[in-house]
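# Descriptive structure summary
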Amino acid sequence: MISGKTIKNIAFETPATGQGGLIQRMDGGSVSNLTLENIHIKGGTQSAILIGRIVGGSSVSLTDITIKDSSVDGKGVGVGSLIGHIQGETKELSTSTVVVERIAVLNTKVTSINNSIGGLIGFVYPNYLCYLENNTVISSKVTGETNVGGLFGYQTGGYNGH
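All of the points below concern the structure found in this document. (Residues numbered from 1 in each chain as written. Predicted model: local features only at pLDDT ≥ 70, side-chain atom pairs only at ≥ 80, totals over all residues. Heavy atoms only, no water.)

## Observations regarding the overall build of the protein
Scanning the protein from N- to C-terminus turns up zero helices and 18 strands. In the protein, buried positions account for 45% of the 162 residues. Of the contacts made within the protein by residues no fewer than 6 positions apart, 85% connect residues no fewer than 24 positions apart. Put simply, the protein shows about 7,000 Å² of open surface, and 47% of that area lies on carbon and sulfur atoms. (Helix = DSSP H or I, 4+ residues; strand = E, 2+ residues; numbered from the N terminus. Buried < 20%, exposed > 50% of the residue type's maximum accessible area, 1.4 Å probe, protein only. Contact = heavy atoms within 4.5 Å. Areas by Shrake-Rupley, 256 points an atom, 1.4 Å probe, with all protein chains shown as cover.)

## So, the sheet that holds strand 12 (residues 115-118)
Within the open sheet, the four strands sit side by side as 4-8-12-17. Their pairing is parallel. Of all the strands in the sheet, just strand 4 (47-48) and strand 17 (146-149) have a single pairing partner and so form its edges. Bridging between strand 12 and strand 17 involves three bridges; their strand directions are parallel. What sits directly across from Gly-118, in strand 17, is Gly-149. (Pairing = 2+ DSSP bridges.)

## Some words on the sheet that holds strand 2 (residues 23-26)
On the basis of which strands lie adjacent, the open sheet formed by five strands has the order 2-5-9-13-18 and parallel pairing. The open sheet has two free edges, formed respectively by strand 2 and strand 18 (152-155), since each of these has just one partner strand. Strand-to-strand, the axes of this sheet are offset by a mean angle of 10°, without reference to chain direction. Relative to strand 5 (residues 51-54), strand 2 runs parallel, the two being bridged by three bridges. For Arg-25, the partnering residue across the bridge sits in strand 5 and is Arg-53. (Axes fitted to C-alpha atoms, helices over the stretch in contact; angles between N-to-C directions.)

## Description of the pattern of salt bridges
The tally for this structure, following the rule as stated, stands at three salt bridges. In this structure, Lys-75 engages Asp-73 in a salt bridge whose closest nitrogen and oxygen atoms are separated by 3.3 Å. Across the pair Arg-102 and Glu-101 runs a salt bridge whose closest N-O atoms are separated by 3.8 Å. Judged by its relative accessible area of 37%, Arg-102 falls in the partly exposed class. What emerges from the salt-bridge pattern is a single network uniting Asp-64, Glu-101 and Arg-102. (Salt bridge = Lys/Arg side-chain N within 4 Å of Asp/Glu carboxyl O.)

## Describing the nonpolar core
General note: in soluble globular proteins, nonpolar side chains tend to be found buried as a group. Of all hydrophobic cores here, the largest spans 30 residues; its most connected members are Leu-50, Leu-62, Ile-65 and Leu-82. Of all the secondary-structure elements, those providing two or more residues to this core are strand 2, strand 3 (29-43), strand 5, strand 6 (59-68), strand 9 (83-86), strand 10 (96-106) and strand 13 (121-124). Among the elements that line this core, the one with the most residues is strand 3, at five residues. (Core = buried A, V, L, I, M, F, W, Y, C linked by side-chain atoms within 4.5 Å.)

## Observations concerning unusual backbone geometry
Positive phi, normally seen in glycine, also occurs at Asn-33, with a value near 50°. Along the chain, the position of Asn-33 falls in strand 3. Although it is not a glycine, Ser-116 adopts a positive phi angle of roughly 65°. Turning to its location among the elements, Ser-116 is positioned in strand 12.

Have a look at this one:
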């Protein structure tokens, strides 16, 4: 669990083929009461400022997070400010459950030369539960080739949340 901290003034680059983020891959857990300021990440596929990829079958809670004056520049599919990719159910993994509450994204840039680029979450694979409550995405620039959105870049399959 990460809680009650401010992380600022970090810049780094990950390989073009790997996930990128302060947390590259997350397989369960929670992050709360966190401020990310002046964080700049150049990543590959499935990249974000906070979490590159949430692994299928995970239960993750993200609450009271502010991302400001930051950027993520991905080279592949699934790039977002908060989460690059949420992996859904597969033969080996059960449904993922992701709770996202009270998130502010301010003066933040999300870009990729590919697709599935979202202001909050880039790519969401099917068969997951995702609860979005009291979220704010403002003052952000989101650019990419296709499937570009203010909240989600691309969501495939059935959506089981609210």
